[in-house]
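One-letter residues, chain by chain:
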Amino acid sequence: MLALRPAGSSTSHKYGLALSPSGELLATKLNTSVRIWNVPSAQLERTFTDAPRRRINDFDLHPADDRIAVGYGGGDLEIRSIKSGEVVSAFAGLRGRPEDDGHSSSTAFSPDGLRIAVGGGSESASIRDLTTGKVLVPLIVPKGTTVVWRLGYDRSGELIVGISRRDRSNDVAAVWNAKSGRLLSTYENKRPQSLSDVAANAQSHLAAAVSLSGFVFTWNYVSGVENAQVLAPTNSLFAVDFNPDGNRIIAGGSGGVAVFFHAQSGRQLIILRGHSGE
């Protein structure tokens, strides 16, 4: 899944989108509500709206297309039925520091739909059983970081990626083993703008992160060696993903621009420019 939603700035969580693995459903966020759309029919299925003191921070669509995970500021996470809108299960207590509240309750379903990765504040991140909520695997958080957000699985389900915050100007991209929770690799952002997304590919052993300053960083998460650091032809990048074999990276950013890069060298391959004025 490629979720084109910005993070790590004053506009974080105000808008975004996520496409389900089947391509049947699309979740979109604008300001205070998340809408679920049926892609083939272009019909609106369901709307979830912010409540007082329950700001929607993150969301993910279940592979079965029947549920959505919604993470709220303050550390609450709910799994809701898309058909009825009712709460199927809920998690609480993922509260971070008040100043980090905007990045609490990050969430991602596993590709098989049986588990859910949950991140919050106070060095809290884990993989949970989706039915019982039981913590199956605690994720070892990078030392000195306090908030875990932008969680996601790679396509194989072997890896989990995320961003940990050391302070407001220092982000760390992380790659975990999804089975053991062991921290495999980190990449520390040394540029002034925050990291906005991270992805990994188990087949190529590569990881990639993008920043709000428009940079793409790639590294080998096994050896820790950086492969490339390139500036994309757009002011900000909001999302990144690999193609299935791990040879290419796609990064999406401001102005409706999507750029394909060679994963090893960082060489720019294709630029897709979105429509404007529509």
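Each remark here, short or long, concerns the structure printed above.
How each quantity is defined
Residues numbered from 1 in each chain as written. Predicted model: local features only at pLDDT ≥ 70, side-chain atom pairs only at ≥ 80, totals over all residues. Heavy atoms only, no water. Helix = DSSP H or I, 4+ residues; strand = E, 2+ residues; numbered from the N terminus. Buried < 20%, exposed > 50% of the residue type's maximum accessible area, 1.4 Å probe, protein only. Contact = heavy atoms within 4.5 Å. Areas by Shrake-Rupley, 256 points an atom, 1.4 Å probe, with all protein chains shown as cover. Pairing = 2+ DSSP bridges. Axes fitted to C-alpha atoms, helices over the stretch in contact; angles between N-to-C directions. Polar contact = N/O pair within 3.5 Å; in protein donor to acceptor, adjacent residues only side chain to side chain.

Enquirer: Quick one: what's the story with the overall build of the protein, residue by residue and with numbers?
Expert: Counting its regular elements, the protein contains zero helices and 24 strands. For the protein, buried positions account for 54% of its 278 residues. When contacts within the protein are restricted to residue pairs at least 6 apart in sequence, long-range pairs at least 24 apart make up 40% of them. Per element, the accessible surface of the protein, about 12400 Å² overall, is 50% carbon and sulfur.

Enquirer: So what about the sheet that holds strand β8 (residues 87-91)? Which residues, and what values?
Expert: Spatially, the four strands line up as an open sheet ordered β5-β6-β7-β8, and their pairing is antiparallel. Every other strand in the sheet has two partners, leaving β5 (56-61) and β8 as the edge strands with one partner each. If you compare each strand with its neighbour and ignore which way they point, the axes differ by 20° on average. Where strand β6 (residues 67-72) lies against strand β7 (residues 76-81), six bridges are found, and the strand directions are antiparallel. Paired with Ile68 across the two strands is Arg80, which belongs to β7.

Enquirer: With reference to specific residues and values, describe the environment of Asp58.
Expert: The topology assignment puts Asp58 in strand β5. For the pair Asp58 and Val34, spaced 24 residues apart in sequence, the C-alpha separation works out to 9.7 Å. A polar side-chain atom of Asp58 sits 3.3 Å from a polar atom in the side chain of Ser106.

Enquirer: An account of the pairing of strand β4 (residues 43-49) is needed here, citing residue identities and associated values.
Expert: As defined by bridge partners, strand β3 (residues 33-38) adjoins β4 across six bridges and the pair is classed as antiparallel. Along β4, the bridge assignment pairs Arg35 with Thr47. Where β3 hands over to β4, the hairpin turn is made up of four residues, of which Ala42 adopts a positive phi near 60°.

Enquirer: I'd like a rundown of the sheet that holds strand β18 (residues 206-211), residues and numbers included.
Expert: Adjacent strands of a sheet pair through backbone hydrogen bonds, lying either parallel or antiparallel. Read from one edge of the open sheet, four strands run β17-β18-β19-β20, paired in antiparallel fashion. Looking along the sheet, the strands with just one partner apiece sit at the ends: β17 (195-201) and β20 (226-231). On average, adjacent strands in this sheet sit at an angle of 15° to one another, irrespective of strand direction. Pairing of β18 with strand β19 (residues 215-220), which is carried by five bridges, proceeds in the antiparallel orientation. If you follow Val210 over to β19, its bridge partner there is Val216.

Shape is all these values report; function is a separate question.
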